[in-house]
2 protein chains.
Amino acid sequence: MNNFEYCNPVRIVFGKGQIARLAELIPKDARILMTYGGGSIKSNGVYDQVIKALEGFDVAEFAGIEPNPQYSTLMKAVEIVKEKKINFLLSVGGGSTLDGTKFIAAAAEYEGNEPWDILEKGAPVKKAIPIGDVITLPATGSEMNCLAVISKKETKEKLAFGAPAVFPKFSIIDPEVTFSLPIRQVANGIADTFVHVVEQYVTHPQNAPLQDRQAEAILLALVDEAPKVFTDPKNYETRANLFWMATQALNGWLNVGVAQCWATHNIGHELTAQTGVDHGRSLALVLPGVWRSQRKEKGEKIAQLGRRVFGIVESDLDKAVDATIDATKNFFSSLGIIATRKEYGVTDEIVQAIANLIDSRGVKFGDLQNIDGAKIIEIMNLCD
Amino acid sequence: MNNFEYCNPVRIVFGKGQIARLAELIPKDARILMTYGGGSIKSNGVYDQVIKALEGFDVAEFAGIEPNPQYSTLMKAVEIVKEKKINFLLSVGGGSTLDGTKFIAAAAEYEGNEPWDILEKGAPVKKAIPIGDVITLPATGSEMNCLAVISKKETKEKLAFGAPAVFPKFSIIDPEVTFSLPIRQVANGIADTFVHVVEQYVTHPQNAPLQDRQAEAILLALVDEAPKVFTDPKNYETRANLFWMATQALNGWLNVGVAQCWATHNIGHELTAQTGVDHGRSLALVLPGVWRSQRKEKGEKIAQLGRRVFGIVESDLDKAVDATIDATKNFFSSLGIIATRKEYGVTDEIVQAIANLIDSRGVKFGDLQNIDGAKIIEIMNLCD
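Residues numbered from 1 in each chain as written. Chains lettered and ligands numbered in written order. Predicted model: local features only at pLDDT ≥ 70, side-chain atom pairs only at ≥ 80, totals over all residues. Heavy atoms only, no water.

A. Spotlight on the overall build of chain A. Of the regular secondary structure elements, chain A holds 16 helices and eight strands. For 384 residues, the compact-globule formula gives about 21 Å, and the C-alpha radius of gyration of chain A, at 20 Å, lands near that figure. Each principal axis of the C-alpha atoms in chain A carries an extent, and together these give about 65 × 45 × 40 Å. Intrachain contacts of chain A at a sequence separation of at least 6 include 77% that bridge at least 24 residues. Summing over all exposed atoms, chain A offers an accessible surface of approximately 14200 Å²; the carbon and sulfur share of this is 50%. The positive charge centre, built from 40 side chains, and the negative charge centre, built from 47, are 1 Å apart in chain A. (Helix = DSSP H or I, 4+ residues; strand = E, 2+ residues; numbered from the N terminus. Rg over C-alpha atoms; globule rule 2.2 N^0.38 Å. Contact = heavy atoms within 4.5 Å. Areas by Shrake-Rupley, 256 points an atom, 1.4 Å probe, with all protein chains shown as cover. Lys, Arg positive; Asp, Glu negative; His and termini not counted. Charge placed at Lys NZ, Arg CZ, Asp CG, Glu CD.)

Following this line, the structure appears as structure tokens:
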């Protein structure tokens, strides 16, 4: 196991009726900016619950944070934060709203001229406005990490940053708010959860049996539980279980002391930036290509996943790898995700453009840092 | 899943050579009291590493915290804390030293007359002296929780308390410091880890598949990894893996939103208070008795453990339960733990005394709160 440091101070407040507890979780004298997205929180009752819980507080609102939150939108919120001397940000919505709010929190306290440098140049985030959230979509795990992914449509960029200063002070997870989610978002969230786990697990071999088993624990539970949400969407227990899996999939436990391969996310982000494909669906498309291209490096772990999670009994390594990739694709299909390049309009030209972009940035992806532009083309040619 | 709250702010600093980082983890102006036990840290080099790392700091020492840390001993440390205006406690040792240090931290800031009330009457711990630790024994998980167990030999009591104020600010886990541990302590720590997990997992049925799988993850990894430490005790990877399992077994993840049954620990503590039996060994003795007595309530979970962890294929529930209890006992035996009442001198008189004590306190143990004095006698009569 590699040396590591781990600290995750987020207070998780989980369960039915917990939005009402906002008043005890936010400092009484806070000047709050409540951030949200396109208004689904108004139709599903979450907005009303929040406003009721915050009676007597000083609350301003900032609506319109997009899926794949846009830099230009978020910078408008930063202006409001400065104007109104906001000292608490309350994100109400899914991972995009929360990711966007983390960026607002960091950008408002950023001392340089150009907050985009946080994303593009890794400029350090020394402090941030405190954040709390009501998270409404099980998917990104943003509610229990200090990561965020932000987009700039002008340059077709989608980049990530992370900093302890943007850990939420608290996250309220009420599984009941997910009853009204469109089934497409539920499916995307399950795919996102699955891929978060495997990107911290399917690497070259590691000697970390607990981390392996903990990754498999989420996958085993997810594969068992996912079908139930489609047949019985109003079942609270299923919604609660799936939400907790999404949170646990990206709160940092799984990757302590071990290698990670984020190539699927890295390439998926570029695909979304270029084509607008849903995040979860971009992952379902790219993952099989990454595994096929990296079967030499990752074969042992792919087969272990297949054997322990999908019950594959094939003893031959190569055949076990193929069977695991098939089982993974079948799992995505069972969610209603048909992930092909054609389906998402991923042309050779787009793949070439992404390859050029990555090479021009001088970065390489993967646990062995061996995925460059040429490898991205190889990977995408191995996708269906 | 039940509603829950979770927040664990401990900074884990894990790996080789990490004791040297103490100087960056403790505030420069701290007046430190370094607490430790019987002096093994002097023979294994840990004391020297700590003293070297703390060069230039203001450090006093308090030695002699016992296994099963004693109230009378700890209260002497509280005096020193007050006299010297100590504002940081550094625990260097195993779980007993750290548990004792947590109590010192709470008692020094306690506003009532009698700090024992924290244990006996559940008096609230509103604040505590900040704690950091170098943990040297994989067993109690104390390095990543806010719990402590304290003893009073005069009255043969061994009681627990927990309070967020005593979460360590940081815990340094250097697996190399475990190379010099006596094999008996290694075995006890593995048994303790195993039982911590099952007491958060083997209850009446719950609908929490992720928590189940996460408990099984630790058990699966533990059962695989444990034998290696006996055949290859200088293997760093094995030591690192086992330490991380011990930490993860009691940091609060496993029990969020689900029932817990701490009857084995509750009874085990009483046995240790009465007979002095090692904590880990008391658990190995009591657990089969609890499961045999509660096979109606816990049968499904016991069988699930057997099937998923020990590979038991028996389809009949009763037979699967028996096979799981046998497999668990065999696991303890494989650690060199021969757990019988005779071995530990647990007479009928002692069992009766414990039953009387528990009834006199008016408490009942177990996830269903149905284990009273009479049940304790039944359980102990079902132990080997």
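B. Region of the structure containing the relation of the copies chain A and chain B. Rotating chain A by 180° about the axis while translating it 0.0 Å along that axis superimposes it on chain B, leaving an RMSD of 0.0 Å. The relationship between the two copies is best expressed as a two-fold rotation axis. Residue P9(A), judged by its C-alpha, is the member of chain A lying nearest the rotation axis, at 2.1 Å. Taken as a fraction of all interface residues of chain A, those also at the interface in chain B reach 100%, which identifies the copy contact as same-surface. (Least-squares fit on C-alpha atoms with pLDDT ≥ 70 in both.)

C. Summary view of the side chain of T101(A). Residue and element names in this part refer to chain A. Residue position: T101 is located in helix α5 (residues 95-108). A polar atom in the side chain of T101 sits 2.6 Å from the backbone oxygen of T97. Excluding residues within four positions of it along the chain, T101 makes contact with T35, I65, L89, S91 and I131. (Polar contact = N/O pair within 3.5 Å; in protein donor to acceptor, adjacent residues only side chain to side chain.)

D. Representation of α5(A). Over its 14 residues, α5(A) runs 20 Å from end to end, which matches the ideal 20 Å to within 8%, given 1.5 Å per residue. Of all 14 residues making up α5(A), 13 are buried, and the element is well covered by its neighbours. (Expected span 1.5 Å × (residues − 1). Buried < 20%, exposed > 50% of the residue type's maximum accessible area, 1.4 Å probe, protein only.)

E. Just unusual backbone geometry, in detail. Residues and elements named next belong to chain A. Positioned with a positive phi, N68 is a non-glycine residue whose angle comes to about 55°. Within the element layout of this structure, N68 appears in the loop between β3 (58-62) and α4 (71-83). The backbone phi angle of K85 is positive, close to 50°, even though this residue is not glycine. Mapped onto the elements, K85 comes out in the loop between α4 and β4 (88-93).

F. View of the packing of aromatic side chains. Evaluation of the coordinates by the stated rule reveals 29 aromatic pairs over all chains. A ring pair is formed by F194(A) and F310(A), whose centres lie 6.4 Å apart and whose planes are at 35°; its orientation type is tilted. Taken together, the positions of F194(A) in helix α7 (residues 183-199) and F310(A) in the loop between α12 (295-309) and α13 (317-334) put the pair 116 residues apart, joining distant regions of the chain. Relative to W253(B), the ring of Y6(B) has its centre 4.4 Å away and its plane inclined at 20°; by these criteria the two rings are stacked. Placement of Y6(B) in strand β1 (residues 4-14) and of W253(B) in the loop between α9 (236-249) and α10 (263-275) is noted, with a sequence separation of 247 residues between them. No difference in accessibility class separates Y6(B) from W253(B), as the two residues are buried. Each member of the aromatic cluster is reached from another via a ring pair, and the members are F4(A), Y6(A), F14(A), W244(A), W253(A), F4(B), Y6(B), F14(B), W244(B) and W253(B). If you follow K16(A) out to its NZ or CZ, it ends over the ring of Y236(A), 4.4 Å from the centre. (Phe/Tyr/Trp six-rings, centres within 6.5 Å; stacked < 30°, edge-to-face > 60°. Lys NZ or Arg CZ within 6 Å of the ring centre and 35° of its normal.)

G. Representation of the confidence of the model for chain A. Looking at chain A as a whole, its pLDDT mean stands at 97, while 100% of the residues score no less than 70. Note on the complex model: pTM 0.97, ipTM 0.96. (pLDDT = per-residue confidence, 0-100.)

H. Focus on the pattern of salt bridges. Applying the stated criterion across every chain, the model contains 40 salt bridges over all chains. Between E5(A) and R21(B) there is a salt bridge, and its shortest N-O distance comes to 2.5 Å. Taken as a pair, E5(A) in strand β1 (residues 4-14) and R21(B) in the loop between β1 and α1 (22-25) lie in two separate chains rather than in one. Across the pair R11(A) and E5(B) runs a salt bridge whose closest N-O atoms are separated by 2.8 Å. Taken together, the positions of R11(A) in strand β1 and E5(B) in strand β1 put the pair across two chains. (Salt bridge = Lys/Arg side-chain N within 4 Å of Asp/Glu carboxyl O.)

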